[in-house]
Amino acid sequence: MFTLTDDERAIRDTARDFAAEHLAPNAVEWDQTKHFPVDVLRKAASLGMGGIYIREDVGGSELTRVDAARIFEELAKGDPSIAAYISIHNMVTWMIDQFGNDEQRHKWVPGLCSMDQLGSYCLTEPGAGSDAAGLSTKAVRDGDDYVLNGVKQFISGAGTSDVYVVMARTGAAGAKGISAFIVPKDSPGLSFGANEIKMGWNAQPTRQVIMEDVRVPAANLLGEEGSGFRIAMKGLNGGRLNIAACSVGGAQAALEKAVGYLTDRKAFGAQLIESQALQFQLADMRTELEAARTLLWRAAEALETDAPDVVELCAMAKRFATDTGFDVANRALQLHGGYGYLAEYGIEKIVRDLRVHQILEGSNEIMRVVIARSVVGAQGKQGAA
């Protein structure tokens, strides 16, 4: 896992070169103008990044989850906001590829892999965030259709995306009453809220998705009735790893910027990089990022092999990497002094972008709940034995 093959190195380098050419030079401008670069997303897709771990028969690259972690780290070095959207798009595409029937896979997945169609994940609601199983959006069967009513909150890509995977209630309260649906953008009754004014992630739109008597064919039910929450959580395992990788990549870029700044900057008659106190800070930042990367790859391998402890490992990697990533980026800003606060240096944007990674795909408090359950459960089993 830690010694890359020639093919793995080539995959990583392709993402690195793409980010350096197409993302990094534009990141600050896109952030300031709130520009969502769909044309650049399609260039990424032409290199296989629209369906990284999607099966080849529907246009995917069929790479591993560890490959994906490396790809998202490299993309985030160029722009965490765009890397994060590509992560969400891949999660949506994988859910249809993994849980869709043959007809659904061949109808929806090829266009998503090419990013001719963009995807959005619709779970969170105004009144149901961390308590996702408490969602209230309803889907009622009516002949050969389902009729959906409800509002989804904080949806990345909303208004621009073409395909929405929506979790809605078809049964009783709780997780077992939730189903998943594929909802196309042109569905009558589907509308979108205003683009949210956010701290970061400004290069991708975030809107409410509003459903008022939205009628979709029963053929758009993903999996079986009642399986939607399980599908959503399975998707989030991978989403958590991808967003963790985006945090590692953004923080790595911030660290490299800090090293460059300290090398160039002189104070008190010497280059700042010669200060042992500052070197110690850099050493800690580098060590913490490497620890995050190692745990991330470990969890990605567990997801790839469907290991018994995959859920808690994904939660551990997400919690640790996103906390570490934000902390390292914030310290990199501090090492820049006042210049770190200026937009042109790109550091403050990284800090703003990485902050939300500690909240989305399951807040880091919820990650601790998931991890704690595994610890307590294991202890209980040992006691029973």
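Since the structure is predicted, the reported quantities are computational estimates derived from the model, not experimental observations. (Residues numbered from 1 in each chain as written. Predicted model: local features only at pLDDT ≥ 70, side-chain atom pairs only at ≥ 80, totals over all residues. Heavy atoms only, no water.)

**Regarding the overall build of the protein**
For the record, the criterion: Only DSSP runs of H or I reaching four residues or more are called helices, and only runs of E reaching two or more are called strands; each is numbered from the N terminus. What the globule rule says is 2.2 Å times the number of residues to the power 0.38, and the radius of gyration is computed from C-alpha atoms. Burial here depends on accessible area, computed with a 1.4 Å probe over protein chains only, as a share of the maximum for the residue type. Under 20% is buried, over 50% is exposed, and the range in between is partly exposed. Working rule for contacts: check all heavy atoms of both residues, and any pair within 4.5 Å makes them a contact. Only the protein chains shown count as cover for residues, with accessible areas throughout obtained via the Shrake-Rupley method and a probe of 1.4 Å. Asp and Glu are treated as the negative residues and Lys and Arg as the positive ones, with His and the ends of the chain left uncounted. For this purpose, a charge sits on NZ of Lys, CZ of Arg, CG of Asp or CD of Glu.
On a plain count of helices and strands, the protein comes out with eleven helices and ten strands. Here the C-alpha atoms of the protein give a radius of gyration of 21 Å, agreeing with the 21 Å that 2.2 N^0.38 yields for 385 residues. If one aligns the C-alpha atoms of the protein with their principal axes, the spans along those axes are about 80 × 60 × 40 Å. Out of the 385 residues belonging to the protein, those deemed buried represent 54%. A separation threshold of at least 6 residues defines the contact pool for the protein, and within that pool the share at least 24 residues apart is 74%. With an accessible surface of roughly 16300 Å², the protein has 52% of that area assigned to carbon and sulfur atoms. Separation of charge centres in the protein, based on 39 positive and 50 negative side chains, amounts to 4 Å.

**Section: the pairing of strand β5 (residues 178-184)**
Operational definition: Following DSSP output, two strands are said to pair if at least two bridges run between them.
Most of β5 sits out of view: seven of its seven residues are buried. Here β5 shows no split at all, with Ile178, Ala180, Ile182 and Pro184 on one side and Ser179, Phe181 and Val183 on the other all buried. Pairing between strand β4 (residues 163-169) and β5: seven bridges, direction antiparallel. Looking across to β5, one finds that Val163 is bridged to Pro184. Direction of pairing for β5 relative to strand β8 (residues 221-222): antiparallel, over a ladder of two bridges. From the neighbouring strand, Ala180 faces β8, where its bridge partner is Leu222.

**Some points on the pattern of salt bridges**
Convention followed: Basic side-chain nitrogens of Lys or Arg form a salt bridge, by our definition, when they fall within 4 Å of a carboxyl oxygen of Asp or Glu.
Per the counting criterion, the structure on display carries 24 salt bridges. We note a salt bridge from Lys152 to Glu125, for which the minimum N-O separation is 2.9 Å. With a gap of 27 residues between them, Lys152 in strand β3 (residues 145-156) and Glu125 in the loop between β1 (119-122) and β2 (138-142) connect regions that are remote in the sequence. Like Lys152, the residue Glu125 is buried in the burial classification. Arg215 serves as the salt-bridge partner of Asp145, at 3.3 Å between the closest nitrogen and oxygen. Pair noted here: Asp145 is in strand β3 and Arg215 is in strand β7 (residues 206-217), with a separation of 70 residues, a long-range link. Shared partners join several salt bridges into a network, and the residues in it are Arg55, Asp57, Asp97, Asp102 and Arg105.

**Quick word on the nonpolar core**
Where we set the bar: For the purposes of this section, nonpolar cores are sets of buried Ala, Val, Leu, Ile, Met, Phe, Trp, Tyr and Cys residues that join through side-chain atoms within 4.5 Å.
Counting 103 residues, the largest nonpolar core has Leu75, Met95, Ile96, Tyr121, Met167 and Leu222 as its most contacted members. In terms of residue count, the dominant contributor to this core is helix α7 (residues 228-264) (17 residues). In contact with Ile96, other than residues within four places in its own chain, are Gln104, Arg105, Trp108, Val109, Leu112, Val163, Val165, Ile182 and Leu222. One finds Ala139, Ile155, Tyr164 and Ala218 within the second-largest nonpolar core, a separate group that totals 18 residues.

**A closer look at the side chain of Arg352**
The following threshold applies: Polar contact is defined as a pair of N or O atoms within 3.5 Å, subject to the rule that within protein one atom must be able to donate a hydrogen and the other to accept it, and that residues adjacent in sequence are counted only when both atoms are side-chain atoms.
Within the fold, Arg352 resides in helix α10 (residues 347-355). According to the relative accessible area criterion, Arg352 is buried, its value standing at 17%. Polar side-chain contacts of Arg352 include one of 2.8 Å to the side chain of Asp31. At 2.7 Å, the side chain of Arg352 and the side chain of Glu348 are in polar contact. Leaving out residues up to four positions away in the same chain, Arg352 has contacts with Asp31, Met199, Gly200 and Asn202.

Without other data, these values stay purely geometric and don't point to any function.
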